[in-house]
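Breakdown of the fold
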Amino acid sequence: MSRGALELVCPAGTPSALRAAVNAGADTVYCGLRDETNARNFPGLNFSDAELAEAVAYAHQRGAKVMVAINTFAQAGKTAIWARAVDTAAAAGADAIIAADMAVLGRAASQHPDLRLHLSVQAAAGTPEAIRFYAERFGVQRVVLPRILSIPEIKALIGEIDIEVEVFAFGGLCVMTEGRCDLSSYVTGRSPNLDGVCSPPEAVSYSRQDGSRSVALGGLTIDRKADGQPLGYPTLCKGRFMAGGKTGHLFEDPVSLNTIDVLPQLRDAGVTALKIEGRQRGKAYVEAVTRQFRQAIDGLGKPVGPGAPERALEGPATGATLLDTLAEGQRGTVGAYRKTWR
């Protein structure tokens, strides 16, 4: 397996975040339009048509690429919105779109044959057969893998397909399985997969009572803590609930994926690109994470001392400790990449 350079793909929820990512060393930046065609459809985020064109020009002038996430699923009777998003991305000069819906992929393949197609993680394609279907039917050139595969599983998968593989490297661990997106849809009336909004802000409320604070989503209490303790944004998957007389995080701990210490293994498995999650995060976060991963990727293959393994991050702090300060819950994990079950 060749040991080529890993492409660093960074998030941009706003034009200023895009500029920050490009200036901090991103090879590629991904963003979305200001509507329900992308899975980060929050107020104050995303790009107008004009802003997207300007962002593409800015990135291209500095040697970076731009991908547009059109990664929600088109709704019956409203498919024109998704078709328009594809046309807008192509007109702006985007280097690729990220999509899961076959109607969206079909539109791009038929109307814009020169536009690269990347298969979104929302397609949940994790087998050679599924990935080959999208590649053969729509000409998909890259797949973003679900966050459920170990590194040996990724390596085996890459050995059976002929397209590029992108994996998540840092940020949220949302795998959108086991009914969690259905739960968010049920509680708020808006679907993350259709409307692009998980835990929409209009459904969030905070309250204080008897020395404690509570946060609710759609009237359902997600977490309660004593005054003075941090209370996070309420997503059902990271809520604390009581079961069996105990209170805890039943679905998922508030923790971020951090692969900084397994970058050599991901590279050697044949991974093409590393994706940083966080289009809903500010430009300071985007810049800091981009710089750390740029440094780590550029440092791959450089020994730290005689007989020592190659380094993943330069400087006095390891990637795990340095990036944990930017992580949700101030903690990082390699998630399924090092899983030992099965």
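Here, the structure is the one placed above.
Residues numbered from 1 in each chain as written. Predicted model: local features only at pLDDT ≥ 70, side-chain atom pairs only at ≥ 80, totals over all residues. Heavy atoms only, no water.

Quick word on the overall build of the chain
Broken down by element type, the chain carries ten helices and 15 strands. Taken over the C-alpha atoms alone, the chain extends approximately 60 × 60 × 40 Å along its principal axes. When the 342 residues of the chain are sorted by exposure, 51% land in the buried category. Here the analysis covers contacts within the chain between residues at least 6 apart in sequence; of these, 61% occur between residues at least 24 apart. Of the roughly 15300 Å² of accessible surface on the chain, a fraction of 52% belongs to carbon and sulfur atoms. Each charge class in the chain was averaged separately, 37 positive and 36 negative side chains, and the resulting centres sit 4 Å apart. (Helix = DSSP H or I, 4+ residues; strand = E, 2+ residues; numbered from the N terminus. Buried < 20%, exposed > 50% of the residue type's maximum accessible area, 1.4 Å probe, protein only. Contact = heavy atoms within 4.5 Å. Areas by Shrake-Rupley, 256 points an atom, 1.4 Å probe, with all protein chains shown as cover. Lys, Arg positive; Asp, Glu negative; His and termini not counted. Charge placed at Lys NZ, Arg CZ, Asp CG, Glu CD.)

A word on the environment of K155
Relative to the elements of secondary structure, K155 occurs in helix 6 (residues 151-158). Considering only alpha carbons, one finds K155 and L266, 111 residues apart in sequence, at a separation of 8.3 Å. Beyond its immediate stretch of four places on either side in the chain, K155 contacts D268 and A269.

What to know about the sheet that holds strand 9 (residues 212-217)
If you trace the three strands from one edge of the open sheet to the other, you get 8-9-10, paired in antiparallel fashion. With partners counted over all chains shown, the strands left at the sheet margins are strand 8 (204-209) and strand 10 (220-226), one partner each. Neighbour-to-neighbour, the strand axes of this sheet turn through a mean angle of 20°, independent of strand direction. Direction of pairing for strand 8 relative to strand 9: antiparallel, over a ladder of six bridges. Bridge pairing in strand 9 links Y206 to V215. (Pairing = 2+ DSSP bridges. Axes fitted to C-alpha atoms, helices over the stretch in contact; angles between N-to-C directions.)

Observations regarding the environment of N38
Relative to the assigned elements, N38 resides in the loop between strand 2 (28-31) and helix 2 (49-61). Judged by its relative accessible area of 0%, N38 is buried. When the C-alpha atoms of N38 and S256 are compared, they prove to be 22 Å apart, with 218 residues separating the residues in sequence. At 3.4 Å, the side chain of N38 forms a polar contact with the backbone oxygen of D35. A polar contact is formed between the side chain of N38 and the side chain of R279, at a distance of 2.9 Å. (Polar contact = N/O pair within 3.5 Å; in protein donor to acceptor, adjacent residues only side chain to side chain.)

Here we look at helix 1 (residues 15-24)
All of the buried residues along helix 1 are A17, L18, A20, A21, V22 and A24. In this structure, the buried residues of helix 1 make contact with strand 1 (7-11), strand 2, helix 2, strand 3 (65-70) and helix 9 (283-299). Two residues or fewer past helix 1, G25 is found with a positive phi of approximately 115°.

A short note on the packing of helix 1 against helix 2
Interhelical geometry of helix 1 versus helix 2 gives an angle of 10° and a closest axis separation of 10 Å. By the angle class used here, helix 1 and helix 2 are roughly parallel. Listed contacts from helix 2 to P15, L18, R19, V22 and N23 of helix 1 are E51, A55, Y58 and A59. Looking at the contact of helix 1 with helix 2 residue by residue, the class counts come to six nonpolar, one polar and two charged. (Parallel < 35°, antiparallel > 145°, perpendicular 65-115°, else oblique. Nonpolar A, V, L, I, M, F, W, Y, C, P; charged D, E, K, R; others polar.)

Thoughts on the nonpolar core
Within the largest apolar cluster, 82 residues are counted, with the highest numbers of intra-cluster contacts made by I97 and F293. It is helix 9 that provides the largest number of residues to this core, a total of six residues. Discounting chain neighbours no more than four positions away, the residues touching I97 are V68, I70, V86, A89, V104, A108, L115, R116, L117 and H118. Core analysis: the second largest hydrophobic core is formed by nine residues, V187, V204, L231 and L236 among them. (Core = buried A, V, L, I, M, F, W, Y, C linked by side-chain atoms within 4.5 Å.)

Considerations on the packing of aromatic side chains
Under the defined criterion, the tally for this structure stands at five aromatic pairs. Here F133 and Y134 contribute two aromatic rings whose centre-to-centre distance is 5.4 Å and whose plane-to-plane angle is 80°, an arrangement assigned as edge-to-face. In this structure Y134 comes out as buried when scored by relative accessible area, which is 11%. The interplanar angle of 65° and the centroid separation of 6.0 Å between the aromatic rings of F170 and F293 together place this pair among those described as edge-to-face. Linking F170 in strand 7 (residues 164-171) with F293 in helix 9, this pair joins segments that are 123 residues apart in sequence. Judged by relative accessible area, F170 falls into the buried class, the value being 1%. Counting every residue linked through ring pairs, the aromatic cluster contains F133, Y134 and F138. Above the plane of the ring of Y58 lies R62, whose end atom (NZ or CZ) is 3.6 Å from the centre. Seen from the ring of F168, R147 lies directly overhead, with NZ or CZ sitting 3.7 Å from the centre. (Phe/Tyr/Trp six-rings, centres within 6.5 Å; stacked < 30°, edge-to-face > 60°. Lys NZ or Arg CZ within 6 Å of the ring centre and 35° of its normal.)

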